[in-house]
Amino acid sequence: MRVLIGIGASIIAVAVGSFAFSTMPSDQDIASFGTPLDGRSHSQRHNSLLALSRLKGAKIKPGEVFSFNRRVGTFSQDQGYRRAPVSYNGQLISDWGGGVCQTSTTLYNAALLAGMQIVERHRHRFAPSYVQPGRDAAVAYSNIDLRFRNPYPFPVRIDGSLEGDVLVISIIGTRSIPVKPQIVSQVRQEQNYQTFRFGNPNGEAHVRNSGKDGCEVAVYRMTGDQRELISMDTYPAMNRVVQYR
C-alpha cells in the first residue's frame, strides 16, 4: 500500500498564501491548489483558462451549495470553447471543451483543502496525468457536475490565476479557519498496463496510446485528529497500443 501526501511527481500543490491575489485587507486565503499545464495542447490550455475566468469571483454564502456547471455554463463553441483532446474509453478524441476538467479538478482540490463539504464529484474513467489518482473531478454539462457546500458561518469566494505554467485556484474567506486540512491518498492495489501491437512488424512503430497503470485508491481528509473518507476509486489500466505501418 502506498501513501501519498501532498505533492506528486506531476502535481504542484500550492501552499496557502503562496500567491498574492488582489484582495481586500480582511480577505483570508483559506486554501489554494495548482495543477501543471505543461504538456497540454494549446486548445486544452485555452479551455482550462476560459473556465477559470468564469469561476473567478463566484461567491458562496454560508450553507450554500456551489455548482461548477451552473457557474461555468456549457462548454460549447458559442461560449468561446475550442475542440481539444479528451479521453473517451481510453482513446483521445477531439471534442468541445477538452481541458475544462483540469479546471474543475483544480477547484475540487482547493475545496478539499478549504474544508468544503463535497456534495457531488465524479472520477474520470482513467486517472489523468495532472493530479494524483483519486484527486480528479470530471465534469460534463449538464449531468456530470462538481458541487460542494460552504460549511462556514461566513461567505467565501473563488479566485485564481495562471502562475507561470500552473493553473491556480484559491478559496478566499473573510476569516481564517482554525485547522488546515491535509489530504492523504492510499493506493491499495495497482494494475500494470499491457502492450498490444498490430500491423506489419517490419514497419515503422507509431504509439497510438502510451498506456497507464490502473489502481484502487482511497482519499482521506485529515483535520486535526479527525479522518474523513472522501472517496474510494478504482481506475482500470489503460493498455499501450503500438501500430506498425
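The rules we used
Residues numbered from 1 in each chain as written. Predicted model: local features only at pLDDT ≥ 70, side-chain atom pairs only at ≥ 80, totals over all residues. Heavy atoms only, no water. Pairing = 2+ DSSP bridges. Helix = DSSP H or I, 4+ residues; strand = E, 2+ residues; numbered from the N terminus. Axes fitted to C-alpha atoms, helices over the stretch in contact; angles between N-to-C directions. pLDDT = per-residue confidence, 0-100. Contact = heavy atoms within 4.5 Å. Buried < 20%, exposed > 50% of the residue type's maximum accessible area, 1.4 Å probe, protein only. Phe/Tyr/Trp six-rings, centres within 6.5 Å; stacked < 30°, edge-to-face > 60°. Lys NZ or Arg CZ within 6 Å of the ring centre and 35° of its normal.

Engineer: Requested: an account of the sheet that holds strand S13 (residues 205-209), with residues and values cited.
Structural biologist: With respect to topology, three strands assemble into an open sheet ordered S12-S16-S13, the strand pairing being mixed. Each of the sheet's edge strands pairs with one partner strand only, and the pair in question is strand S12 (195-199) and S13. Neighbour to neighbour, the strand axes of the sheet diverge by 25° on average, direction disregarded. Looking at chain direction, S12 and strand S16 (residues 240-244) are connected through five bridges and run parallel. When the bridges of S16 are listed, Phe 196 appears paired with Val 241.

Engineer: Mind laying out the confidence of the model for the chain, listing which residues take part and the relevant values?
Structural biologist: Per-chain confidence: the chain averages 89 in pLDDT, with 88% of residues scoring 70 or above. Predicted confidence for residues 7-25 stays below pLDDT 50, and this span has 43 contacts to residues more than four positions away or in other chains.

Engineer: Describe the pairing of strand S10 (residues 166-173), with residues and values.
Structural biologist: By the criterion of burial, S10 is predominantly enclosed, with eight of the eight residues buried. Burial along S10 is two-sided: the residues Val 166, Val 168, Ser 170 and Ile 172 and Leu 167, Ile 169, Ile 171 and Gly 173 are all buried. The pairing of strand S2 (residues 28-36) with S10 spans eight bridges and is antiparallel. Bridging across to S10, Ala 31 finds its partner in Ile 171. Bridge count for strand S9 (residues 156-163) against S10 is eight bridges, and the pairing is antiparallel. Its bridge partner lying in S10, Leu 162 is registered against Leu 167. Between S9 and S10, which pair antiparallel in sequence order, lie two residues; one of them, Gly 164, sits at a positive phi of approximately 65°.

Engineer: Provide a residue-level description of the packing of aromatic side chains, including the pertinent values.
Structural biologist: For the coordinates displayed, the defined rule picks out four aromatic pairs. Ring centres of Phe 66 and Phe 148 lie 5.3 Å apart, and the angle between their planes is 35°; on these two criteria the pair is classed as tilted. One end of the pair, Phe 66, is in strand S4 (residues 65-67); the other, Phe 148, is in strand S8 (residues 147-149), with 82 residues separating them in the sequence. Here Phe 66 matches Phe 148 in class, with each residue buried. Consider the rings of Phe 75 and Tyr 81, whose centres lie 6.0 Å apart with planes at 65°: the pair is edge-to-face. Per residue, the accessibility class of Phe 75 equals that of Tyr 81, and both read buried. What links up through ring pairs into an aromatic cluster is the set Phe 75, Tyr 81 and Tyr 141. Directly above the aromatic system of Tyr 220 lies the positively charged group of Arg 227, at a separation of 4.2 Å from the ring centroid.

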